[in-house]
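Okay, here's what each chain looks like letter by letter:
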Amino acid sequence: MAWFKRTEKGITTATEDKMDIPKGLWYKSPTGKVIDADELARNLFVSPEDDFHVRIGSKEYFEILFDNNEFKELDAKMTSKDILSFVDTKKYSDRLKDTISKTKLNDAVRTGVGKSKGKDLVVCCMDFAFIGGSIGAVVGEKIARGIDYSIKNKVPFLMISKSGGARMMEAAYSLMQLAKTSAKLAQLADAKIPYISLCTDPTTGGTTASYAMLGDINISEPGALIGFAGPRVVKDTTGKDLPEGFQTAEFVLEHGFLDFITPRKELKDKINLYIDLIQNIEVR
């Protein structure tokens, strides 16, 4: 019966020989549904069990929106400077270097120009992985330049927001970007060029207070967090209990802050539909 008994005490298997499941093989959604990571990617990072939309970045949105994932990136090498020599738990300059190294991104927004359903489209997409998608001087400048490209070439403009708001390490320089991008969008409107704003999870703070809510049509993905201040601040300010689902895309839509909620699988078709309708041209 020796095969039922441990003849030697302790576990002797070397760590490198253990058959552990690699990280990332499975994904568990907030509702408790578990899905194979490869299947999740094939489903555009939407859980098929509960329709939960997992946060994705500019790389994935560009793949979804641009035909054959072919696009030209504008201002790809633009990076932030530590103008104020800001220090919190670490130097801002060091935080930038670490974040660039970790994310392989140069800042919290990327701008791509390419064909979407056969017609040119400018897409500015934020990346939450880069310091919470916060708005710094570079983010504002890249959005402004993306809008300038749209105006010069008469190409529709799409902004995909995913942000915690202003970047505190740049203080007033960050806040200036709210006015700067809003003024540029006014120029876009004067040129009668369509602007679609897509709010994804999360869209908060100064982002919501500026370009995210200035679209000709404002849309969102299901379940996205959309708001200005956090629930605790709102509750303390109003002195009232907040309703269930407060600041979800569905709640915001019901109260007139959004025009549509669009599932990720329908984004490309719906965005181009809205552009065609705004321009009063034949629907693709």
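Going by the structure above, here's the rest.
All of these numbers come straight from a predicted model, not from anything done at the bench.

Thresholds, definitions, all that
- Residues numbered from 1 in each chain as written.
- Predicted model: local features only at pLDDT ≥ 70, side-chain atom pairs only at ≥ 80, totals over all residues.
- Heavy atoms only, no water.
- Helix = DSSP H or I, 4+ residues; strand = E, 2+ residues; numbered from the N terminus.
- Buried < 20%, exposed > 50% of the residue type's maximum accessible area, 1.4 Å probe, protein only.
- Contact = heavy atoms within 4.5 Å.
- Polar contact = N/O pair within 3.5 Å; in protein donor to acceptor, adjacent residues only side chain to side chain.
- Pairing = 2+ DSSP bridges.
- Axes fitted to C-alpha atoms, helices over the stretch in contact; angles between N-to-C directions.
- Salt bridge = Lys/Arg side-chain N within 4 Å of Asp/Glu carboxyl O.
- Phe/Tyr/Trp six-rings, centres within 6.5 Å; stacked < 30°, edge-to-face > 60°.
- Lys NZ or Arg CZ within 6 Å of the ring centre and 35° of its normal.
- Core = buried A, V, L, I, M, F, W, Y, C linked by side-chain atoms within 4.5 Å.
- Patch = residues over 30% accessible without salt bridge, like charges linked within 9 Å, V, L, I, M, F, W, Y side chains within 5 Å.
- Areas by Shrake-Rupley, 256 points an atom, 1.4 Å probe, with all protein chains shown as cover.

(A) Region of the structure containing the overall build of the protein. A count of helical and extended segments in the protein gives nine helices and nine strands. Taken along the three principal axes of its C-alpha coordinates, the protein extends 85 × 50 × 45 Å. For the protein, the residues scored as buried account for 43% of the 284 residues in total. Look at the contacts in the protein between residues 6 or more apart in sequence, and 67% of them connect residues 24 or more apart.

(B) Quick look at helix H2 (residues 58–65). Taken across its eight residues, H2 has six buried, putting it largely inside the fold. Three or more residues of H2 are buried, namely Ser58, Glu60, Tyr61, Phe62, Ile64 and Leu65. Those residues of H2 that are buried lie in contact with strand E3 (71–74), strand E4 (109–116), strand E5 (119–126), strand E6 (157–163), strand E7 (195–203) and helix H9 (267–279).

(C) Structural detail: the environment of Lys104. Checked against the element boundaries, Lys104 lands in the loop between helix H3 (92–103) and E4. Taking the C-alpha atoms as reference points, Lys104 and Phe130, separated by 26 residues in sequence, lie 9.3 Å from one another. Side-chain polar atoms of Lys104 contact the backbone oxygen of Ser101, separated by 3.1 Å.

(D) Representation of the sheet that holds E7. Pairing is mixed in the open sheet, where seven strands are placed in the order E3-E4-E5-E6-E7-E8-E9. Two strands close off the open sheet at either side, each with one partner strand: E3 and strand E9 (260–261). As paired strands, E7 and strand E8 (residues 217–220) are joined by four bridges and run parallel to one another. Bridge assignment links Leu198 to a residue of E8, and that residue is Ile219. In the packing of H2 onto the sheet, contacts are made with E3, E4, E5, E6 and E7, and the angle to E4 comes to roughly 10°.

(E) Layout of the pattern of salt bridges. Tallying each qualifying case throughout the model produces 19 salt bridges. Across the pair Asp75 and Arg145 runs a salt bridge, and its minimum N-O distance is 3.1 Å. One end of the pair, Asp75, is in the loop between E3 and H3; the other, Arg145, is in helix H4 (residues 137–153), and 70 residues separate them in sequence. The exposure class of Asp75 is partly exposed, given its relative accessible area of 25%. For Arg145, a relative accessible area of 37% puts it in the partly exposed group. A salt bridge links Lys270 to Glu266, with the shortest nitrogen-to-oxygen separation between them at 3.1 Å. For Lys270, a relative accessible area of 28% puts it in the partly exposed group. Residues participating in the shared-partner salt-bridge network are Asp75, Glu141, Arg145 and Lys180.

(F) Main features of the packing of aromatic side chains. Counted by the stated rule, this structure contains six aromatic pairs. Measuring from ring centre to ring centre gives 5.5 Å for Phe62 and Phe66, while their planes differ by 50°; the resulting arrangement is tilted. Note on accessibility: Phe62 and Phe66 belong to one class, buried. Measuring from ring centre to ring centre gives 5.1 Å for Phe260 and Tyr274, while their planes differ by 10°; the resulting arrangement is stacked. Linking Phe260 in strand E9 with Tyr274 in helix H9, this pair joins segments that are 14 residues apart in sequence. Put simply, the rings of Phe62, Phe66 and Phe71 touch in pairs and so form one group of aromatic residues. When the ring centre of Phe128 is taken as reference, the NZ or CZ atom of Arg55 above it lies at 4.6 Å.

(G) Region of the structure containing the nonpolar core. One finds Val139, Ile143, Phe157, Met159 and Tyr211 to be the most contacted residues of the largest nonpolar core, which totals 26 residues. Counting only elements with at least two residues in this core, the list comes to H3, E4, E5, H4, E6 and helix H5 (171–190). Formed by 19 residues, the second largest nonpolar core is a distinct cluster that contains Ile56, Ile64, Val123 and Ile271.

(H) Main features of a nonpolar patch on the surface. Taken together, the side chains of Ile83, Leu84, Tyr173 and Met176 make up a nonpolar region of the molecular surface, amounting to roughly 380 Å² of accessible area. Turning to its location among the elements, Ile83 is positioned in the loop between E3 and H3.

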